[in-house]
Amino acid sequence: MDTPEPVIEVRRSARRRRTVQARREGERTIVMIPAAMSEEDAERTVRELVAKLDARVARRRGPQGDVELERRAGELADRYLGGDVRPSSVRWVSNQNKRWGSCSTTDGRIRLSDRLKEMPGYVIDYVLVHELAHLLHADHGPGFQRLLSRYEKKERAEGYLEAVEQLQR
């Protein structure tokens, strides 16, 4: 099945002199440019703004495929755990309805619930760091907590997940 062409609406404004802006409204991308901008400059500007917006949305949403997820886990392990741990695999799974993630300390496999895909990237990162820390500390003891506290958005992510769980009850 073919993916539908993205809808890009270019709005020219006589009040705009130099500034350009892009935003999403549902499935539509709205790009605002000065009315006096040449057609050539407008085409280039629209391409650049849409690419920046797509990249920002992808960063906010977090990794969507298993390959992206594995790459992200490696980056997080290096940044927060000093590169001391590497999972053998990291995958999205659809059979985890009661937990956000799991790991096998014997073979280093990490699984994340695909329910996380719709959550902000910082929440996905938190769950990854949590599972990576379990590869070094199987329990939730002080050593584990010290590692997890290195993630600066820990409390924010925990609050987000707690709110989601409350809404699902």
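Above this note sits the structure.
> Explain the overall build of the protein here, please?
The helix and strand inventory of the protein stands at five helices and six strands. The secondary structure elements of the protein, listed N-terminal to C-terminal, are β-β-β-α-α-β-β-β-α-α-α. Taking 2.2 N^0.38 as the reference for a compact globule, 169 residues should give roughly 15 Å; the C-alpha atoms of the protein span a radius of gyration of 21 Å, well beyond that estimate. Across its three principal axes, the protein shows a C-alpha extent of roughly 65 × 35 × 30 Å. Within the span of the protein, comprising 169 residues, buried residues form 41% of the whole. Between the centroid of the 33 positive side chains of the protein and the centroid of its 28 negative side chains there is a distance of 4 Å.

> Where do I start with the side chain of serine 102 in this structure?
Looking at where serine 102 falls in the secondary structure, it is placed in strand E5 (residues 101-103). Engagement of the side chain of serine 102 in a polar contact is seen with the side chain of glutamine 96, the distance being 2.7 Å.

> Help me understand helix H5 (residues 154-168), please; the structure alone is not making it clear to me.
Residues three or four positions apart in an α-helix share a direction because the helix packs 3.6 residues into each turn. Over its 15 residues, H5 runs 21 Å from end to end, which matches the ideal 21 Å to within 8%, given 1.5 Å per residue. Buried residues along H5 sit in contact with helix H3 (121-134) and helix H4 (142-148).

> What's the story with the sheet that holds strand E3 (residues 28-34) in this structure? I'm lost.
Remark on secondary structure: sheet strands pair via backbone hydrogen bonds, oriented parallel or antiparallel. Sheet architecture is open: three strands sit in the order E1-E3-E2, paired in mixed fashion. At either margin of the open sheet sits one strand with a lone partner, and together these are strand E1 (7-13) and strand E2 (21-25). Taking each pair of neighbouring strands and ignoring which way they run, the sheet shows an average axis angle of 25 degrees. Sheet topology note: the E2/E3 ladder contains five bridges and is antiparallel. Bridged to glutamine 21 within E3 is methionine 32.

> How should the packing of aromatic side chains be read in this particular structure?
Each aromatic ring pair is specified by the distance between its two centres and by the angle formed by the two planes. Considering all chains together, one arrives at three aromatic pairs under this definition. An angle of 80 degrees between the planes, with centres 6.3 Å apart, marks the rings of tyrosine 122 and tyrosine 160 as edge-to-face. Within this pair, whereas tyrosine 122 is found in helix H3, its partner tyrosine 160 is found in helix H5, the two being separated by 38 residues in sequence. Residue tyrosine 122 is classed as buried on the basis of its relative accessible area, which comes to 14%.

> Would you mind showing me how to read the pairing of strand E4 (residues 89-93) here?
In regular strands, side chains alternate between the two faces of the sheet. Across the five residues that make up E4, a large majority, four, are buried. Bridge count for E4 against strand E6 (residues 109-113) is five bridges, and the pairing is parallel. Bridge assignment links valine 93 to a residue of E6, and that residue is serine 113.

> What am I meant to see in helix H2 (residues 66-80) here?
Taking 1.5 Å per residue, 15 residues should reach 21 Å; H2 reaches 21 Å between its end C-alpha atoms and fits that length. For H2, the set of buried residues is Leu69, Ala73, Gly74, Leu76, Ala77 and Tyr80. The arc that holds the buried residues of H2, viewed along the axis, is 165 degrees, so those residues lie on one side. For H2, the exposed residues set more than 90 degrees away from the buried face come down to Val67 and Arg79. Lining the buried residues of H2 we find E4, E6 and H3. Looking one or two residues beyond H2, the residue adopting positive phi is glycine 82, at roughly 65 degrees.

About the thresholds
- Residues numbered from 1 in each chain as written.
- Predicted model: local features only at pLDDT ≥ 70, side-chain atom pairs only at ≥ 80, totals over all residues.
- Heavy atoms only, no water.
- Helix = DSSP H or I, 4+ residues; strand = E, 2+ residues; numbered from the N terminus.
- Rg over C-alpha atoms; globule rule 2.2 N^0.38 Å.
- Buried < 20%, exposed > 50% of the residue type's maximum accessible area, 1.4 Å probe, protein only.
- Lys, Arg positive; Asp, Glu negative; His and termini not counted.
- Charge placed at Lys NZ, Arg CZ, Asp CG, Glu CD.
- Polar contact = N/O pair within 3.5 Å; in protein donor to acceptor, adjacent residues only side chain to side chain.
- Expected span 1.5 Å × (residues − 1).
- Contact = heavy atoms within 4.5 Å.
- Pairing = 2+ DSSP bridges.
- Axes fitted to C-alpha atoms, helices over the stretch in contact; angles between N-to-C directions.
- Phe/Tyr/Trp six-rings, centres within 6.5 Å; stacked < 30°, edge-to-face > 60°.
- Arc of directions from axis to C-beta.

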